[in-house]
Amino acid sequence: MTGVAPAAPGAIVRGRVRPPVAAGLRRSRLVGPLVGPAAPRLILVVAPPGSGKSTLLAHVAEAASGHVAWLTLDSATVAEPVLLAHLRAAFRAVPGLADQWPTAEIALADLEDRLTEPVLLVLDDVHTVDGEAASEVIRLLIRYQPEFLRIALGSRTVPEVDIPRWRLTGAAVEVDADLLRFRTWEVEELFREWHGVRLRADEVTTLTQRTGGWAAGLQLFHLATQRRPPSSRAALLAGSSSAGRLTRDYLARHVLDQIPARLQEFLIRSSVLDELTAARCDALLETTDAAARLAELDRIGLFTSIEADTGDGGEWVYTYHEVLRSHLLAVVSARLGPAAEQALHRRAADLLAAEGAYAEAIRSYCRAQDWEDVRRVLSIGGASLADDPGAWIDALPVSIRDGDPWALLALARRLVAEGVLDRAAETYQRAVERFAVQGGSSVAGYELRLLQAWITPAFGVVVDWVHIARAALVDPREQLRTAHPATAGSQLALGFAHLISGGLAEAVEAFDRAADGRELPALGEAGALLGRALSLTLSGAPTAGAAREEAATAAKHLGAPVLARLAHGLQAAADCAGDGTILQLLGECEQAGDAWGSALLRLFAGVGELSAGASPVATLEAAERELRELAAPALASWAAAAAALAAARAGQPYGRDRLGELERAAGVTGPLPYALALLAVAAATADPVQAERTRSLALRLAAKCGATGPDGRFAGEVPATAVPPGDELAPLVGSPPVEPLPATAAAGPAAPPRLRIRCLGGFSVERAGEPINVDGLRPQHRALLRVLCLHANRTVHREQLLEWFWAGRDPERSQHSLQVAVSELRRLLEPDSPRGEWTLLRRQDSGYQIAVDSAADSDVRRLAAHLDAARVSTRAGDQPAAAAHLEQAIAAYTGDLLPDEGPAEWVVTERDQLREAVAAACEQLAAYRAAAGEHADAARVARLGLERDRYRDRLWQLLIDSLGADGHPAAAATARAAYHEMLTEIGVPLPPA
């Protein structure tokens, strides 16, 4: 603010250097990544007023280990001496520092020389000193950041520091308004745990939507309803704003009063536009300087979204926060009066309609109450509008919405995206009838038939991917045996068939092909991403977390609530989150009438709790009931088997007849649900020897599907002792499993010879302890053997093998060549086995698989198992166990993956991913060792990591710091010089000497 005299350097306002009380709900998804050994060196929290920036920083400061220095900036700290005086006061609890810091350089040198353990510096409200002398001090702190200093910045705008360098090195984390936005389950938890108020599911959903998850809006709603009866909440939520006078007062005091008068009129009048560009604002307001005004408002921090225009204009598109915009529209109405207000909305609508922005034009015409133009836009832009079934539908009067076929089609599509299928079918039917009267598109009838095929399936009639996917919920293996067209939709459906039966690797491949096909509608593409995330989660892949985040992001941007709920539920189940997320999502499903979402969320939650060692019998039994009611018996068999296992753990096992029934159903579904059923049988078996053998059989079967490992992530069941191959018991009850499995040791065939495979640093295969000579193989056959060995115990699809080794050839000849190669490899691996009795190279469904007894027999599988175990131990907070597994994973990496294959297409990606995973393991282990004071070992591990990835900034820092701490200054200087050489190579400015 102008007119405030700078304080004298010696006058320290203690409130500026006192961390605020960490009030409010502490959200682990935000705080967790910002604290601990792997915390970033630079944190940027940039968002508009009232987003919760200071609250998050206070929670980070509270959770940080070691000293915390806090400084809240304002207009009185713009002078460098004042800032430095307050900065030194913020470090008052840190021992050994100089009494005063006359210059920024002296402050930097003092911090560099005297800090011997990590300190977190929090600078809040950085935007208040932008462009002033004080900002140069902050810029120097960021650019020449002392090694033991972590910095967190809170600002309404992006500070003018060297952000690109920090992004490139991966040492910075940015938290924006969208990340700060409260999710529905966080709103429920906030009111329940912090305010002591239990909101209904519909109230939580409405409040979240109305406020956009804006922290200040939620607080204002609480203030407006505290100590009042529940009916007052319902009345307030039914109104047009979220907190009435309190909201207006807050926005007036903290937002509008901070804006120069010359900008306020522009701000208010431009709010009639949903999305702002300079061209739109100039045309609407008859100005020529809108670009400069929008940029200035951006600097103030009023926009929640700024994106590059994807059209030819190359302009920036700005969006106000919805709560702020609602207030601005109310100001427009109060200032202009009804006639002038409608004229302004009509002018905006005309501009938007001329642009072809029909959805925005509809909303503006509705605000102007110009119903004839609403009908006109529907008639000329109906097809485009139906592809964007968003908020414009809600602006329509019921008489127009129910009478226009395009509006009905859009509404039907939105209901599908919300999971309300019965109402969607009714709306589609009305759209079909209106189109029949008015003429036009037949797409509504086609989509209605697809939806009806899902709601009331006619099994056996398979005409498109929706029918295939629906049939897979009844008998996935039948769909996998049936030839289907190679379309993106069919790949999506087959992906779900593989997933339900247990072919997790094949499911991921099918979902990838579906998403890459560019033929699916957006909803189908988002479904493919969700299916892929679920497959990777069941397999425990290191990339599962990123896949879940990608699926959630896609669902959010698509505006598909049903998929968004499932993606967030999957994330909560995978994280074993006990924060009420699943319960809140189930409440949303009930409110919306989303039966499929409810059933699948219960299944996700139950399997997640089961993997964590709990016994969620009621949840899984409810999931089974709901899935049977939805005519999805294959999924119901998953829920039933999991419920049986949970019941046995709880000391209330199912009876033998019930176990036999669910085992048979699971066996029909596929090997992975069958393995789960066997675990339930084992858990309910009194004989410990039989139970152990059955459990071992189940886990080996699950391992073939890629769904189990040393951490027991499949179902939380790990046998105490291994059972030798060939000594498993057959299923105790029910029918044989879905793929050949040995019976008892006495009745079964002799155990196959044991294979041991090495793919790291070279290639070799041993059979029964003797090396197999592969030199006599043809090059293609030798490469085929290496592919199959790399993916030991996992099926490699036949079509993928043909594409890699016989691409471009006649299909029949290619298939024959593959069969010849497989026959030669079988004779090589098992020269004494009769034809047709091969056990080491197997035909599995639509591909081939090399079989090994355990992860220990493949160096790649062994390494991956230790990485998986380290990840689980880290999540559980067991650092010693995580460190032990990381050490073993690093030791298992004896060289690059199959180096003799060079840049072969089938190995390059796998090789790079494995090298990256080992480098990340080295970084994590080096950080653990350094934190424990084991600096020599930390330096050793950091060097190993840099051998895998020399561009990993954090490894360089750990190496340099550990060498210095271990008393080797010359070696540290040499490492620092090598680090500078790497930075110069990639064009990154060097840190200070």
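Here the structure is a predicted model, which is why all the values come from computation and not from measurement.

How each quantity is defined
- Residues numbered from 1 in each chain as written.
- Predicted model: local features only at pLDDT ≥ 70, side-chain atom pairs only at ≥ 80, totals over all residues.
- Heavy atoms only, no water.
- Helix = DSSP H or I, 4+ residues; strand = E, 2+ residues; numbered from the N terminus.
- Buried < 20%, exposed > 50% of the residue type's maximum accessible area, 1.4 Å probe, protein only.
- Contact = heavy atoms within 4.5 Å.
- pLDDT = per-residue confidence, 0-100.
- Pairing = 2+ DSSP bridges.
- Axes fitted to C-alpha atoms, helices over the stretch in contact; angles between N-to-C directions.
- Core = buried A, V, L, I, M, F, W, Y, C linked by side-chain atoms within 4.5 Å.
- Polar contact = N/O pair within 3.5 Å; in protein donor to acceptor, adjacent residues only side chain to side chain.
- Parallel < 35°, antiparallel > 145°, perpendicular 65-115°, else oblique.
- Left-handed = near helix turned anticlockwise from the far one by under 90°.
- Nonpolar A, V, L, I, M, F, W, Y, C, P; charged D, E, K, R; others polar.
- Salt bridge = Lys/Arg side-chain N within 4 Å of Asp/Glu carboxyl O.
- Phe/Tyr/Trp six-rings, centres within 6.5 Å; stacked < 30°, edge-to-face > 60°.
- Lys NZ or Arg CZ within 6 Å of the ring centre and 35° of its normal.

On a plain count of helices and strands, the protein comes out with 46 helices and 13 strands. Going through the 993 residues of the protein one by one, you find that 52% of them count as buried. For the protein, the share of sequence-separated contacts (at least 6 apart) that also reach a separation of at least 24 residues comes to 63%.

Moving on to the confidence of the model for the protein. Averaged over the protein, the pLDDT score is 82; the fraction of residues at 70 or greater is 88%. Per-residue pLDDT stays below 50 along residues 1-8; that stretch engages in seven contacts with residues further than four places along the chain or on separate chains. This model gives residues 709-751 a pLDDT under 50, and the stretch forms 103 contacts once residues within four places in sequence are excluded.

This next bit is on the sheet that holds strand S3 (residues 119-124). Picture the strands of a sheet paired through backbone hydrogen bonds; they go either parallel or antiparallel. Here five strands make up an open sheet; going across it, the order is S2-S3-S4-S1-S5 and the pairing parallel. Only two strands of the sheet have a single partner each, and these edge strands are strand S2 (67-72) and strand S5 (172-175). Here the strands of the sheet are splayed against their neighbours by 10° on average, with no regard to which way each runs. Pairing geometry for S3 and strand S4 (residues 149-155), over five bridges, is parallel. Paired with Leu121 across the strands is Ile151, a residue of S4. The strands touched by helix H5 (residues 133-143) within the sheet are strand S1 (42-46), S3 and S4, with S4 carrying the most contacts at an inclination of about 140°.

Before going further, it helps to examine the nonpolar core. Judged by nonpolar contacts, the single largest core of 152 residues is most densely connected at Leu297, Ile362, Trp392, Leu603 and Leu627. At 13 residues, helix H34 (residues 633-649) tops the list of elements feeding residues into this core. When neighbours within four sequence positions are excluded, Trp392 is seen to be in contact with Ala359, Ile362, Arg363, Leu378, Leu385, Ala407 and Ala410. Core analysis: the second largest hydrophobic core is formed by 72 residues, Val852, Val860, Leu886 and Ala921 among them.

This next bit is on the environment of Asp857. Take Asp857: it is sitting in the loop between strand S13 (847-850) and helix H41 (859-875). Along the primary structure Asp857 and Glu766 are separated by 91 residues, whereas in three dimensions their C-alpha atoms are 9.6 Å apart. If sequence neighbours within four positions are ignored, Asp857 has contacts with Arg754, Leu755, Arg756, Ile757 and Val852. At 3.1 Å, the side chain of Asp857 forms a polar contact with the side chain of Arg756.

As a further point, take the packing of helix H26 (residues 488-501) against helix H28 (residues 522-539). Where H26 contacts H28, the two axes come as close as 10 Å, and the packing angle between them is 20°. Between H26 and H28, the crossing angle belongs to the class labelled roughly parallel. The handedness of the crossing between H26 and H28 comes out as left-handed. Of H28, the residues touching H26 (which contributes Leu492, Phe496 and Leu499) are Gly524, Gly527, Ala528, Gly531, Leu534, Ser535 and Leu538.

On to the packing of helix H24 (residues 465-472) against H26. Packing of H24 against H26 brings their axes to within 8 Å, and their N-to-C directions diverge by 5°. Here H24 lies roughly parallel to H26, going by the angle between them. Along the contact surface, H24 presents Trp465, Ile468, Ala469 and Ala472, while H26 presents Gly489, Ser490, Leu492, Ala493, Leu494, Ala497 and Ile500. Considered class by class, the residues forming the contact of H24 with H26 number nine nonpolar, two polar and no charged.

Where side chains of opposite charge bring their charged atoms close, a pairing between them can arise. Applying the stated criterion to the full structure yields 48 salt bridges. Asp289 is the partner of Arg293 in a salt bridge, and the nearest nitrogen-oxygen pair spans 3.1 Å. Overall, Arg293 belongs to the partly exposed group, its relative accessible area being 23%. You can call Asp289 partly exposed: its relative accessible area is 30%. Arg952 is the partner of Glu916 in a salt bridge, and the nearest nitrogen-oxygen pair spans 2.7 Å. Here the residue Glu916 occupies a position in helix H43 (residues 905-931), and Arg952 occupies one in the loop between helix H44 (935-948) and helix H45 (953-965), the gap between them amounting to 36 residues.

Under the defined criterion, the tally for this structure stands at seven aromatic pairs. Seen from their ring centres, Trp406 and Phe435 are 5.0 Å apart, and the 85° between their planes marks the pair as edge-to-face. Within this pair, whereas Trp406 is found in helix H21 (residues 405-417), its partner Phe435 is found in helix H22 (residues 421-438), the two being separated by 29 residues in sequence. The class of Phe435 is buried, set by a relative accessible area of 5%. One aromatic cluster is present, built from ring pairs that chain together Phe805, Trp806 and Trp906. When the ring centre of Trp454 is taken as reference, the NZ or CZ atom of Arg470 above it lies at 5.3 Å.

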